[in-house]
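Structure assessment
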Amino acid sequence: MKYRHIFSCILTLCMLICLTACSESENRNPAQQYNNSGADITSAVSSPISTTTVAPTASPVPEEQTLRIAEKIDYTPDELKFCMKPSDTDLEDYVMGYYFVSLDGKKYRYQRDAFETKDLGTVENYVCELKFNNPGVSELHYKVYSLKEYPGFERLQLRCEEYPDNMYCIKYAPPRNDVEFTLDELKNDGFVIIEDDDYSYGGDTWSDFISKSEQKSEASVWVCYLTTKPGPNRKIYSEPPDEDLLKAQQDDFPIMQLAQIYYDGNEYTISPMHKIDGKYVLYYREGYDIDVRESTFKYLVHIVDEPTADWVTYKSRERYVLSDEENLTSEWISAEARSYDRERFPLVNYRIIYSSYEWKEE
């Protein structure tokens, strides 16, 4: 009896220690569950702590997540069919990358088609004229024409009067907050939430995806990239956004861009998602899916760094980046964004899919 009582006490003590350790692990930010060493690198903005390719070993999660792969559709659902909506704004001509065109007394917002082909369409009718008055440049005048291929004015063609060879197409830019779901629904449906470039919700789901991909097992994760306001992240940068930019994007926010990240054991694919009749599907929606286009990458790179600039408001940053470059670094990403030193940092395809910050005390 005496030894049985001692054994029982020891067993109880061990169980308490295990429960305490598990509780502490679950309360951590998922990005803080990894502590890995790697190659030191330098950057004009950040001082890296570590860089690893593929994910580091992840802490076990309470329950293994079920593999979910959304169906990809190649038709336009009725709920997503094109419908132009006028913009309630006093902006005119060209402002902050947007073109404001008057049609039948109403103003519509357009953007240049970054993926336009050499075929600009068949000009049909003159619509209006837009003025460009950039600082240091003489005022330019563009005539706007409708296209036979787009009777609903979804696309228009611009021709510069001063430079006749300067012509291109612009496409209607719809308000991007026109979605069929709420943030609470996304949380209930198992999405990871990245709010203004910073991890917000779904730690266990993310940890499970990292763990499986590190083990070369098939895995998928659904992510919502939530942007609450235009301009740079307010937590990181202190300067307020431009007033014209706020006006130009007043109908866009909050933006909830959905994406599926799928790992087949060899490559990673990120695809835009939408919710149709209560079901999530993979579909590229013209004008809405600006931040995510279906792309495939070879590597998942894990980067941890610290800022070197005093004006930056965070102490450390952790990111997961899809890339075709196995040795991608924070310095490389910084060089890519500013287009410098192409000899050391050639152009590379990458996509930041997760970031988490430790903020300085205010």
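Thresholds, definitions, all that
Residues numbered from 1 in each chain as written. Predicted model: local features only at pLDDT ≥ 70, side-chain atom pairs only at ≥ 80, totals over all residues. Heavy atoms only, no water. Helix = DSSP H or I, 4+ residues; strand = E, 2+ residues; numbered from the N terminus. Buried < 20%, exposed > 50% of the residue type's maximum accessible area, 1.4 Å probe, protein only. Contact = heavy atoms within 4.5 Å. Areas by Shrake-Rupley, 256 points an atom, 1.4 Å probe, with all protein chains shown as cover. Core = buried A, V, L, I, M, F, W, Y, C linked by side-chain atoms within 4.5 Å. Pairing = 2+ DSSP bridges. Axes fitted to C-alpha atoms, helices over the stretch in contact; angles between N-to-C directions. Salt bridge = Lys/Arg side-chain N within 4 Å of Asp/Glu carboxyl O. Phe/Tyr/Trp six-rings, centres within 6.5 Å; stacked < 30°, edge-to-face > 60°. Polar contact = N/O pair within 3.5 Å; in protein donor to acceptor, adjacent residues only side chain to side chain. pLDDT = per-residue confidence, 0-100.

With that out of the way, let us pick up the overall build of the chain. Of the regular secondary structure elements, the chain holds five helices and 19 strands. Buried residues in the chain amount to 45% of all 362 residues. Once local pairs closer than 6 in sequence are excluded, the contacts in the chain between residues at least 24 apart make up 66%. Only carbon and sulfur atoms are counted for the fraction: they give 48% of the accessible area of the chain, which is about 20300 Å².

Quick look at the nonpolar core now. Counting residues in hydrophobic clusters, the biggest one holds 22 residues, and the most contacted among them are W206, F209, I261 and I353. Elements supplying a minimum of two residues to this core: β10 (192–195), α3 (203–214), β12 (219–227), β13 (255–263), β14 (268–276), β18 (314–323) and β19 (350–359). With four residues, β12 is the single largest residue contributor to this core. Ignoring sequence-local partners within four residues, the contact set of I353 consists of I194, W206, Y225, I261, I270, L300, Y320 and L322.

Before going further, it helps to examine the sheet that holds strand β8 (residues 155–160). What the seven strands build is an open sheet, ordered β3-β4-β5-β9-β8-β7-β6; its pairing is antiparallel. For this open sheet the edge positions go to β3 (93–95) and β6 (123–132), each flanked by a neighbour on one side alone. Between one strand axis and the next, the sheet turns by 35° as a mean value, whatever way the strands run. Here strand β4 (residues 98–103) runs beside strand β5 (residues 106–112); their pairing, made up of five bridges, is antiparallel. Looking at the pairing, L103 lines up with K106 of β5.

Before going further, it helps to examine the pattern of salt bridges. Per the counting criterion, the structure on display carries twelve salt bridges. Between D90 and K247 there is a salt bridge, and its shortest N-O distance comes to 3.9 Å. Placement of the pair is D90 in the loop between β2 (71–72) and β3 and K247 in helix α4 (residues 243–248), with a sequence separation of 157 residues. Ionic pairing is found between R317 and D305, a salt bridge with its closest N-O pair at 3.0 Å. Here R317, found in strand β18, pairs with D305, found in strand β17 (residues 299–307); they are twelve residues apart in sequence, far enough to count as distant. Here R317 matches D305 in class, with each residue buried. One salt-bridge network, held together by shared partners, links E129, K143 and E161.

Moving on, we come to the packing of aromatic side chains. Applying the stated criterion to the full structure yields 20 aromatic pairs. Pairing Y126 with Y145 gives two aromatic rings, centres 6.0 Å apart and planes at 75°, and the pair type is edge-to-face. With Y126 in strand β6 and Y145 in strand β7 (residues 140–147), this residue pair connects regions lying 19 residues apart in the sequence. Note on Y126: relative accessible area 47%, which makes it partly exposed.

With that out of the way, let us pick up the environment of T89. Structurally, the position occupied by T89 is in the loop between β2 and β3. By relative accessible area, T89 is classed as buried at 15%. With 17 residues separating them in the primary sequence, T89 and K106 have C-alpha atoms 9.9 Å apart. Sequence-distant contacts of T89, defined by excluding residues within four places in its chain, comprise F100, K107, K247 and Q250. Reaching out from T89, the side chain makes a polar contact with the backbone nitrogen of L91 at a distance of 3.1 Å.

With 72% of its residues at a pLDDT of 70 or more, the chain shows a mean pLDDT of 78. Low pLDDT (under 50) marks residues 1–7, which in the prediction has zero contacts with non-local residues, meaning those over four places away or in another chain. The low-confidence segment residues 54–63 (pLDDT under 50) makes 30 contacts with residues lying over four places distant or belonging to another chain.

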